[in-house]
Amino acid sequence: MANTTLMMIKPDAVENGHIGNILQKVTSAGFQIKALKLTQLAKSDAERFYAVHSERPFYPELVAFMSRGPIVAAVLEKENAVVDFRNLIGATNPVEAAEGTIRKLYATSIGENAVHGSDSDENAAIEAAFHFAGRECF
Ligand code: CMP
């Protein structure tokens, strides 16, 4: 059965001109785009989205990075979407990411790692609702 995940193309990858290449890899891997937008997070949005990391030492850096410029948010559908998308993007740290993964190709550091993928079906639904109204999802 098809399920969904939430992708963000992060500010570093947008700044570096990788939106098109990343969307191409995503659709070539069999994901269907159910919602898509170019948007920018306010600092308070980034704080809310990453609240689970609020006690981590990198939290202020993460919030500043994720709100510094536009991102692309998308809801992606595929069988086994959460796990398959995390395999497609690769490890959090691009140094550890497998060859051919999106982070290996386009990320520059563990902090500026090009893309986000939900870590569970439950969080995929929460994160989709964070970014999209019902009428924006198809
Ligand atoms: P992501 O998995 O999309 O969501 C949490 C983010 O926190 C992660 O990507 C990284 O961008 C960031 N992050 C995780 N670990 C570190 C770290 N050690 N230093 C800086 N940023 C980090």
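Since we're looking at a predicted model, the values are computed, not measured.

Draft legend 1. Main features of the side chain of H131. Inspection of the secondary structure puts H131 in helix 7 (residues 121–131). Residue H131 is classed as buried on the basis of its relative accessible area of 8%. Ignoring any residue separated from it by four or fewer positions in sequence, one finds H131 in contact with L6, M8, K37, L41, F49, I71, A73 and E136.

Draft legend 2. Main features of the site of the ligand. Around the ligand, the neighbouring residues are K10, Y50, H53, F58, E61, L62, T92, R103, I110, G111, N113 and H116. In this structure, an oxygen atom belonging to the ligand sits 3.0 Å away from a side-chain N or O atom of K10. In this structure, an oxygen atom belonging to the ligand sits 3.3 Å away from a main-chain N or O atom of I110. Across the complex, the protein chains shield 79% of the 450 Å² of accessible surface that the ligand would expose by itself.

Draft legend 3. Here's a closer look at the nonpolar core. Core analysis: the largest hydrophobic core is formed by 20 residues, its most contacted members being M7, I9, I22, V26, F85 and I102. For this core, the secondary structure elements donating two or more residues are strand 1 (2–9), helix 1 (11–15), helix 2 (19–28), strand 3 (71–79), helix 5 (81–89) and helix 6 (102–106). Ranked by the residues each element gives to this core, the list is headed by helix 5, at 4 residues.

Draft legend 4. Region of interest: the environment of Y59. On the secondary structure map, Y59 appears in helix 4 (residues 59–66). Through-space distance from the C-alpha of Y59 to that of G20 is 29 Å; in sequence the pair is 39 residues apart. Every residue in contact with Y59, bar those within four places of it in the chain, is listed here: E47, Y50, A51, H53 and S54.

Draft legend 5. Region of the structure containing the sheet that holds strand 3. Read across the open sheet, the 4 strands follow the order 2-3-1-4; overall the sheet is antiparallel. The outermost strands of the open sheet, each flanked by one partner alone, are strand 2 (32–39) and strand 4 (115–117). Sheet twist, expressed as the average angle between the axes of neighbouring strands with direction ignored, equals 20°. By the bridge criterion, 3 bridges tie strand 1 to strand 4 in an arrangement that is antiparallel. Looking at the pairing, M7 lines up with G117 of strand 4. In the packing of helix 2 onto the sheet, contacts are made with strand 1, strand 2, strand 3 and strand 4, and the angle to strand 1 comes to roughly 165°.

Draft legend 6. Seen up close, the environment of V26. As for its placement among the helices and strands, V26 is situated in helix 2. In the structure, V26 is positioned 50 residues away from L76 in sequence and 8.7 Å away in space, judged by C-alpha atoms. If sequence neighbours within four positions are ignored, V26 has contacts with M7, F31, L76, F85, L88 and I102.

Draft legend 7. Structural view of helix 5. Within helix 5, burial applies to A81, V82, F85, L88 and I89. For helix 5, the arc enclosing every buried residue in end-on projection is 130°, short of the 170-degree limit, so these residues lie on one face. Considering only its buried residues, helix 5 is in contact with strand 1, helix 2, strand 3, helix 6, strand 4 and helix 7.

Cut-off values and rules
Residues numbered from 1 in each chain as written. Predicted model: local features only at pLDDT ≥ 70, side-chain atom pairs only at ≥ 80, totals over all residues. Heavy atoms only, no water. Helix = DSSP H or I, 4+ residues; strand = E, 2+ residues; numbered from the N terminus. Buried < 20%, exposed > 50% of the residue type's maximum accessible area, 1.4 Å probe, protein only. Contact = heavy atoms within 4.5 Å. Near = heavy atom within 4 Å. Polar contact = N/O pair within 3.5 Å; in protein donor to acceptor, adjacent residues only side chain to side chain. Areas by Shrake-Rupley, 256 points an atom, 1.4 Å probe, with all protein chains shown as cover. Core = buried A, V, L, I, M, F, W, Y, C linked by side-chain atoms within 4.5 Å. Pairing = 2+ DSSP bridges. Axes fitted to C-alpha atoms, helices over the stretch in contact; angles between N-to-C directions. Arc of directions from axis to C-beta.

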